[in-house]
Amino acid sequence: MIVYLQGKILEVSDGSVVVLCNGIGYEVNITKNSAQELVAGQEVVLYVAESISPYDGTMLYGFLHKEDKELWQLFRDAIPNTGAKKALDLLNKALRSVADFHQAIIKRDPKILTGIFGFTSKTAEKLINALKDKMDTITVQGESKIKVLDDAPYLSNVLEALGALGYSATEARRALDTLHTQGIGPNEKIETIIKEALRVLKK
């Protein structure tokens, strides 16, 4: 069983990478989030898991951090009707901020899962029900990028307003990320935040 790969990247796509190890090229499925950090020609280390599919045979799934692999395994094993590929899709969204995803599950807050991570309401409830008693077993990497408890009402209101104006949840979240880096957050009036978010979106 392959659990670890170290070698040179030959190719990178949105959902996979080919790694050359001792003259053998291994195609490994990775998250889009991880793919954005990789460049052909560079050396890479991947924590790897194998999954056997009746349709695709043996597939390799790779992760830049051991903690990412553990979270993927939790998704795959704990969430009903979730296979390896689906677990990778869930992980890709959770990697936006593992610390905040962890808190959203612990606090059982579906608004954060839908508003920040882009999960549907149905999936958010499914994640909470499946993981609420299991997240403590996962090592959380990185620091919180949002103030989950304080920002929830503010985020919900702003996202709802931007959605009513025709912007997608992804566009709205990116605008809020930009405002966050500029120091504009929940202490501002909702009207001001919406105005600034529209300014960012219209650029």
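As shown above, the structure is provided for reference.
Residues numbered from 1 in each chain as written. Predicted model: local features only at pLDDT ≥ 70, side-chain atom pairs only at ≥ 80, totals over all residues. Heavy atoms only, no water.

**Student:** I would appreciate a short explanation of the packing of helix α8 (residues 169–181) against helix α9 (residues 190–201) in the present structure.
**Tutor:** The description of two helices packed together rests on the angle between their axes and the distance between the axes. In contact at an axis separation of 9 Å, α8 and α9 are set at 105° when each is read in the N-to-C sense. As judged from the angle between their axes, α8 and α9 are roughly perpendicular. The residues of α9 that touch α8, namely those facing Glu171, Ala175, Leu176, Thr178 and Leu179, are Ile193, Glu196, Ala197, Arg199, Val200 and Leu201. Of the residues assigned to the contact of α8 with α9, the class counts are seven nonpolar, one polar and three charged. (Axes fitted to C-alpha atoms, helices over the stretch in contact; angles between N-to-C directions. Helix = DSSP H or I, 4+ residues; strand = E, 2+ residues; numbered from the N terminus. Parallel < 35°, antiparallel > 145°, perpendicular 65-115°, else oblique. Contact = heavy atoms within 4.5 Å. Nonpolar A, V, L, I, M, F, W, Y, C, P; charged D, E, K, R; others polar.)

**Student:** Please explain the environment of Lys122 as it appears in this structure.
**Tutor:** Inspection of the secondary structure assignment puts Lys122 in helix α6 (residues 121–131). The class of Lys122 is exposed, set by a relative accessible area of 73%. Lys122 sits twelve residues away from Pro110 along the chain, and the two C-alpha atoms are 9.3 Å apart. (Buried < 20%, exposed > 50% of the residue type's maximum accessible area, 1.4 Å probe, protein only.)

**Student:** In this structure, what is going on with the pairing of strand β2 (residues 16–21)? I would like to understand it.
**Tutor:** The side chains of a regular strand alternate, residue by residue, between the two faces of the sheet. The element β2 is largely enclosed, with a buried count of five among its six residues. Of the pairings in the sheet, the one linking strand β1 (residues 4–12) to β2 comprises four bridges and is antiparallel in character. If you follow Val12 over to β2, its bridge partner there is Val17. Connecting β1 to the next strand, β2, in antiparallel fashion are three residues. (Pairing = 2+ DSSP bridges.)

**Student:** What's the story with the side chain of Ser97 in this structure? I'm lost.
**Tutor:** Here Ser97 shows up in the loop between α3 (84–94) and α4 (98–106). A polar contact of 2.5 Å, which involves the side chain of Ser97, links it to the side chain of Asp100. (Polar contact = N/O pair within 3.5 Å; in protein donor to acceptor, adjacent residues only side chain to side chain.)

**Student:** Can you help me understand the environment of Thr123 in this one?
**Tutor:** In this structure, Thr123 sits in helix α6. The partly exposed category is assigned to Thr123, whose relative accessible area is 21%.

**Student:** Explain the pattern of salt bridges to me, please; I cannot follow it from the model alone.
**Tutor:** Close approach of charged atoms lets side chains of opposite charge pair. Per the stated rule, a full pass over the model turns up two salt bridges. The partner of Arg76 in a salt bridge is Asp77, and the shortest N-O contact between them spans 2.9 Å. The exposure class of Arg76 is partly exposed, given its relative accessible area of 25%. One salt bridge in this structure joins Glu196 and Arg199, with 2.7 Å as the shortest N-O distance. Note that Glu196 and Arg199 are positioned in helix α9 at a spacing of three residues, about one turn of the helix. (Salt bridge = Lys/Arg side-chain N within 4 Å of Asp/Glu carboxyl O.)

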